[in-house]
Amino acid sequence: MNPNEPETARKWRAQMDVTTVVALLALTISGLGFYRSYIYTKQDLEVTVTEVSYVTNQGELYISIAFSNGGNRDAAVLRVEPALWRADSKPQAAWVPLVDRVHPDIPVTAPKTPLIVKAGGVEVVTLSAMLTAAAAEQNFLAARGGTFLGIRVATMNSDGNLYLLEHAVARLALDGEGHIQGAEPAIHQTLSGFEDLRVAPPGDMLQSNKKTPFVWADRHS
């Protein structure tokens, strides 16, 4: 700094320095925003089963699933279905969708699919379907010690790639007479919505944790 420089000139120079720094910071932030919005792509859809309830004696199954989009692009949930593991399915054992409504005014999937999960957003989907206790007990897997309920989820990312996720969510426990006596979780983790995955019974076999859904079923009487 020149000691002979007038005070007014020094103040003007200091103000210009601050203005320049602020302008450069604004330009940098704007550039980062442009990069994240138009160049950088993050595809991230998480699927978390939050609750499974089976009203055994009325044959009503309810499942709640949260879809969380942690990416910066929208995600499409094309289809979500409750399912029953059928060992007698042909040509091989498979997750078979449950399509019968618990009531004419209650859709199997609510809200209806397909639906869009906005970038940074969360959507909760509720599944409601009929499954008689007799049908559930008929599909008992002796080797796995129960009847297994699951979900089928079809998704698409912003690049147009399609994915199918199938996973066990609950095990219905049967007593010695073959009647349902309760239920326990068959999933203990959040799943990636952008991954092809087919998990047959008994599920993930992990320890109970904060990602474990609430699971309940009453005794068949």
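Our subject is the structure that appears above.
Residues numbered from 1 in each chain as written. Predicted model: local features only at pLDDT ≥ 70, side-chain atom pairs only at ≥ 80, totals over all residues. Heavy atoms only, no water.

Chemist: Quick rundown of the overall build of the protein chain? Include the residues and the values.
Modeler: Each helix and strand counted, the protein chain has two helices and 13 strands in total. Per-residue burial over the protein chain gives 41% buried out of 221 residues. A fraction of 64% describes how many contacts in the protein chain between residues 6 or more apart in sequence connect residues 24 or more apart. For the protein chain, the computed accessible surface area is about 12400 Å², with 55% contributed by carbon and sulfur atoms. (Helix = DSSP H or I, 4+ residues; strand = E, 2+ residues; numbered from the N terminus. Buried < 20%, exposed > 50% of the residue type's maximum accessible area, 1.4 Å probe, protein only. Contact = heavy atoms within 4.5 Å. Areas by Shrake-Rupley, 256 points an atom, 1.4 Å probe, with all protein chains shown as cover.)

Chemist: Outline the pattern of salt bridges, listing residues and values.
Modeler: Evaluation of the coordinates by the stated rule reveals seven salt bridges. As a salt-bridge pair, Glu166 and Arg152 come within 2.7 Å of each other at their nearest N and O atoms. Here Glu166 is found in strand 9 (residues 162-174), whereas its partner Arg152 is found in strand 8 (residues 147-156), with 14 residues between them in sequence. The same class applies to Glu166 as to Arg152, namely buried. Of the residues examined, Glu166 reaches a relative accessible area of 8% and is grouped as buried. Several salt bridges converge on common partners, so that one network encompasses Arg79, Glu81, Arg152, Glu166 and Arg198. (Salt bridge = Lys/Arg side-chain N within 4 Å of Asp/Glu carboxyl O.)

Chemist: Give me the lowdown on unusual backbone geometry, citing residues and values where you can.
Modeler: The peptide bond linking Thr113 to Pro114 adopts the cis configuration, its omega dihedral lying at 5°. Note that Pro114 resides in the loop between strand 5 (109-110) and strand 6 (115-117).

Chemist: Go over the environment of Asn139 with me, naming the residues and quoting the values.
Modeler: Looking at the secondary structure, you find Asn139 in the loop between helix 2 (133-138) and strand 8. Given a relative accessible area of 10%, Asn139 falls into the buried group. Note: C-alpha distance between Asn139 and Trp85 (54 residues apart in sequence) is 7.5 Å. With near-sequence residues (within four places) excluded, Asn139 lies in contact with Leu84, Trp85, Arg86, Asp88, Gly146 and Thr147.

Chemist: So what's going on with the layout of surface pockets? Which residues, and what values?
Modeler: One number sums up the size of the largest pocket: a volume of about 190 Å³. Here the residues of the lining of the largest pocket sort into eight nonpolar, one polar and four charged. (1 Å grid on protein atoms, 1.4 Å probe; cavity = no way out; pocket = protein on both sides within 12 Å on 5 of 7 lines; lining within 4 Å. Points joined across faces, edges and corners; volume = space filled by probe spheres on them. Nonpolar A, V, L, I, M, F, W, Y, C, P; charged D, E, K, R; others polar.)

Chemist: Describe in detail the nonpolar core, supporting the description with residues and values.
Modeler: If you look at the biggest cluster of nonpolar residues, it comprises 37 residues, and the most contacted ones within it are Val52, Tyr54, Ile63, Ile65, Phe67, Leu149 and Val169. Looking at this core, the element that brings in the most residues is strand 9, giving six residues. Non-local contacts of Val169, meaning those with residues more than four positions away in its chain, are made with Val49, Val52, Ile63, Leu149, Gly150, Ile151, Glu184, Pro185, Ala186, Ile187 and Val215. Residues Trp85, Leu141, Phe148 and Ala168 belong to the second largest nonpolar core, which totals seven residues. (Core = buried A, V, L, I, M, F, W, Y, C linked by side-chain atoms within 4.5 Å.)

Chemist: Describe in detail the pairing of strand 8, supporting the description with residues and values.
Modeler: In terms of burial, strand 8 is largely enclosed, as nine of its ten residues are buried. Pairing of strand 3 (residues 75-86) with strand 8 involves eight bridges; the strand directions are antiparallel. Considered in strand 8, the bridge of Leu84 is made with Leu149. (Pairing = 2+ DSSP bridges.)

Chemist: Provide a residue-level description of the pairing of strand 10 (residues 180-185), including the pertinent values.
Modeler: Taken together, the five bridges between strand 9 and strand 10 define a ladder with antiparallel strand orientation. Paired with Ala173 across the strands is Gly182, a residue of strand 10. Counting the residues between successive antiparallel strands, the hairpin from strand 9 to strand 10 contains five residues, one of them, Gly178, with a positive phi of roughly 85°.

Chemist: So, the packing of aromatic side chains: which residues are in play, and what are the values?
Modeler: Scanning the model with the defined rule gives two aromatic pairs in all. For the pair Trp85 and Trp95, a centre-to-centre distance of 5.1 Å together with 70° between the ring planes defines the contact as edge-to-face. Here Trp85 is found in strand 3, whereas its partner Trp95 is found in strand 4 (residues 94-97), with ten residues between them in sequence. Their ring planes at 45° and their centres at 5.6 Å tell us that Tyr163 and Phe194 sit as a pair that is tilted. In this pair, Tyr163 sits in strand 9 while Phe194 sits in the loop between strand 11 (191-192) and strand 12 (197-198), placing the two residues 31 residues apart along the sequence. Of the two residues, Tyr163 and Phe194, neither departs from the other in class, the shared state being buried. (Phe/Tyr/Trp six-rings, centres within 6.5 Å; stacked < 30°, edge-to-face > 60°.)

Shape descriptors only; they carry no functional weight alone.
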